[in-house]
Amino acid sequence: MTPASQHLPEGRMGAMVLRRTGAPLVWEERPLPQPGPGEVRLRVEACAVCRTDLHVVDGELPGGHLPIVPGHEIVGRVEAAGPGVTLAPGTRVGVPWLGHSCGQCPYCAAGRENLCDAPQFTGFTRDGGFATHAVADSAYAFPLEGFDDPVAAAPLMCAGLIGWRSLRMAGEGRRIGLYGFGAAAHLLAQVLRWQARDVYAFTRAGDEAAQAMARRLGAVWAGASDAMPPEPLDAAILFAPVGALVPLALRAVRKGGRVVCGGIHMSDIPAFPYSLLWEERQVVSVANLTRADALEFLALAPRAGIRAQTTTYPLTRANEALEDLRHGRFQGAAVLVP
Ligand SMILES: [Zn+2]
Ligand SMILES: [Zn+2]
């Protein structure tokens, strides 16, 4: 199959569009959009597929726009810039889930733009990267100078960043449990090993492939999510969207330990005895990211030698990538290439 972008006439772009939740994405050709003030138009080089894209497609998140081009782990080159943009044409940048913050609400003013009252989300409330081209707020387009492979860099833009913010939330403990060993955990495990911390990987019972991958990436222990680790954990981070993991993780952390929920959506958390929370254990969630998180992680990733394991799909096969993610048919991260 020849790349989708090669079929396009001059001045046109192509995108995989969600017209109705629950329905497959549809290929559409559109006029090339012009970037407004403060915006850039990117020629997309790669866009990774995230579990949040599945939640968007399935209609599980409130407040999304339709039709919408999903995709919020974009790597591309600046092709055109609107007024007031300092990014030079040709610069390779990455665009994450939080695509715009208002800069004026109490959260933005307090440096907590991840909780902005008037945010825009890439691939959810503004068109994203399952496309040959995308327009982004240049304030949320991060230069990727240290990265020579756009496919390997794409999963860093959400799986990497959310993993990093979740780890910051988990604290400085040595023994960190990761529940759900997919795109985010396989990157975070590399960060943890670089920091000389111990990774305990929890997967679906019997998922030998994921457990083997975790051990390959340096996990000191890998097992089923309902198993107890050999030592109590200092903190646990949940990437699997399964509420039943919360009491299991609380049982696995020590007194004063934290359970961090890293996903945007989760099935209901079942009732559990207060004794699991007692002794100052905490349950917290992570929402979105700040630009400071992104700059910090994108500077650290090349130094730590973080490598994403990827499976690539042509852009026009986005539906297949989403279904393979839904059914856990690959390890690491899926990446669409126009
Ligand atoms: Zn994501
Ligand atoms: Zn705001």
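Here the residue numbering is sequential within each chain, running from 1 through the sequence in written order. All chains are assigned letters beginning with A, and all ligands numbers beginning with 1, in the order in which they are written. Reporting of local features is limited, given that this is a predicted model, to residues whose pLDDT is at least 70; pairs of side-chain atoms are given and counted only at 80 or more, and all residues count toward the totals for whole chains, interfaces and linings.

Chemist: I keep staring at the overall build of the protein and nothing clicks. Help me out?
Modeler: Helix and strand assignments come from DSSP, with helices taken as H or I runs of at least 4 residues and strands as E runs of at least 2, each series counted from the N terminus. Each helix and strand in the protein was counted, giving 9 helices and 17 strands. In this setup the radius of gyration rests on C-alpha atoms only. A globule is expected at 2.2 Å times the number of residues raised to 0.38. The C-alpha atoms of the protein give a radius of gyration of 20 Å, which matches the 20 Å a tight globule of 338 residues would have. Burial analysis of the protein (338 residues in total) assigns 48% to the buried set. Within the protein, contacts between residues at least 6 apart in sequence are counted, and of these 68% link residues at least 24 apart. Exposure in this text rests on C-beta crowding, where 20 or more other C-beta atoms within 10 Å of a residue's own make it buried, 12 or fewer make it exposed, and counts in between make it partly exposed. The C-beta atoms are placed from the backbone. What counts as a contact is two residues whose backbone-derived C-beta atoms lie within 7 Å of each other.

Chemist: Hey, could you run me through helix α7 (residues 245-252) in this one?
Modeler: One turn of the α-helix equals 3.6 residues, which is why residues spaced by three or four share an orientation. Among the 8 residues that make up α7, 6 are buried, leaving the element largely enclosed by the rest of the structure. Taken together, the buried positions of α7 are occupied by L245, V246, L248, A249, L250 and A252. Those residues of α7 hidden inside the fold are in contact with β10 (175-179), β13 (233-238), β14 (253-261) and β15 (282-285).

Chemist: Before we go on, may I ask you to explain the domain arrangement of the protein in this structure?
Modeler: A common way to state how big an interface is: give the accessible area lost once the parts meet. Under the domain assignment used here, the protein contains domain 1 (4-156 + 308-337) and domain 2 (160-285). Residue ranges for the domains originate in an automatic or database domain assignment. For domain 1 and domain 2, the distance between their C-alpha centres works out to 28 Å. Across the contact, 13 residues belong to domain 1 and 12 residues belong to domain 2. At 3 residues, the largest contribution of residues to the side of domain 1 that touches domain 2 is made by helix α1 (residues 51-58). Taken together, the residues that form the side of domain 1 that touches domain 2 break down as 6 nonpolar, 5 polar and 2 charged. Ten residues, namely Ala, Val, Leu, Ile, Met, Phe, Trp, Tyr, Cys and Pro, are considered nonpolar, four, namely Asp, Glu, Lys and Arg, are considered charged, and the remaining ones, Gly among them, are considered polar.

Chemist: Honestly, the packing of helix α4 (residues 159-170) against helix α8 (residues 291-304) in this entry has me stumped. Any pointers?
Modeler: For any two helices packed against each other, the geometry comes down to the angle between their axes and how far apart the axes lie. Here the axes come from fitting lines to C-alpha atoms, over the contacting stretch only for helices, and the angles between their N-to-C directions go from 0 to 180 degrees. Look at α4 against α8: their axes get within 10 Å of each other, and the N-to-C directions meet at 105 degrees. Here α4 lies roughly perpendicular to α8, going by the angle between them. Here G160, L161, W164 and R165 of α4 lie close against α8, whose contacting residues are D293, A294, F297 and A301. Looking at the contact of α4 with α8, its residues break down into 5 nonpolar, 1 polar and 2 charged. Roughly parallel means an angle under 35 degrees; roughly antiparallel means over 145; roughly perpendicular covers 65 to 115; every other angle is labelled oblique.

Chemist: How should I be thinking about the pairing of strand β11 (residues 198-203) in this particular structure?
Modeler: On any regular strand, side chains alternate: one points to one face of the sheet, the next to the other face. Of all 6 residues that make up β11, 5 are buried, and the element is covered over most of its length. A pair of strands is considered paired only if DSSP assigns at least 2 bridges between the two. For β10 and β11, the ladder comprises 5 bridges, and the chain directions are parallel. Note on β11: the bridge partner recorded for R175 is D198. Looking down the strands as they point away from the viewer, one classifies a crossover as right-handed if the path from the first strand across the helix to the second runs clockwise. Chirality of the crossover, the property in question, places the unit of β10, helix α5 (residues 183-194) and β11 among those that are right-handed. Two strands pair when backbone bridges link them, and β11 and strand β12 (residues 221-224) are joined in this way by 4 bridges, in the parallel orientation. If you follow F202 over to β12, its bridge partner there is G223. Taken together, β11, helix α6 (residues 208-216) and β12 form a β-α-β motif whose crossover is right-handed.

Chemist: Sorry, what's going on with the packing of α4 against α5 here?
Modeler: At a minimum axis separation of 8 Å, α4 and α5 run at an interaxial angle of 60 degrees. Looking at the two axes, α4 sits oblique to α5. Seen along the crossing, α4 lies across α5 with a hand that is right-handed. Between α4 and α5, the residues in contact are A159, G160, I162, G163, W164 and L167 and A183, A184, L187, L188 and V191, respectively. For the contact of α4 with α5, the per-class residue count stands at 9 nonpolar, 2 polar and no charged. Definitions for this section: a left-handed crossing has its near helix turned counterclockwise from the far helix by less than a right angle. A right-handed crossing has that turn clockwise.

Chemist: How should I be thinking about the sheet that holds β12 in this particular structure?
Modeler: Hydrogen bonds between backbone groups are what pair the strands of a sheet, and the pairing can be parallel or antiparallel. Taken in spatial order, the 6 strands make up an open sheet running β12-β11-β10-β13-β14-β15, and their pairing is parallel. In this open sheet, the two strands that pair with only one neighbour each are β12 and β15. Adjacent strand axes in the sheet meet at a mean angle of 20 degrees, parallel and antiparallel pairs treated alike.

Chemist: Got a minute to help me understand α6 in this structure?
Modeler: Among the residues making up α6, those that are buried are A210, Q211, M213 and A214. Angularly, the buried residues of α6 cover 160 degrees about the axis, an arc narrow enough to put them on a single face. Exposed residues pointing more than 90 degrees away from the buried face of α6 are listed as E208 and R216. Lining the buried residues of α6 we find α5, β11 and β12. Comment: arc refers to directions from the helix axis out to C-beta atoms.

Chemist: Explain the environment of A134 here, please?
Modeler: Turning to its location among the elements, A134 is positioned in strand β8 (residues 133-137). A134 gets classed as buried once you count the C-beta atoms within 10 Å, which come to 30. For A134, the residues in contact, after removing those within four places along its chain, are L42, V44, I74, G76, D127, G128 and G129.

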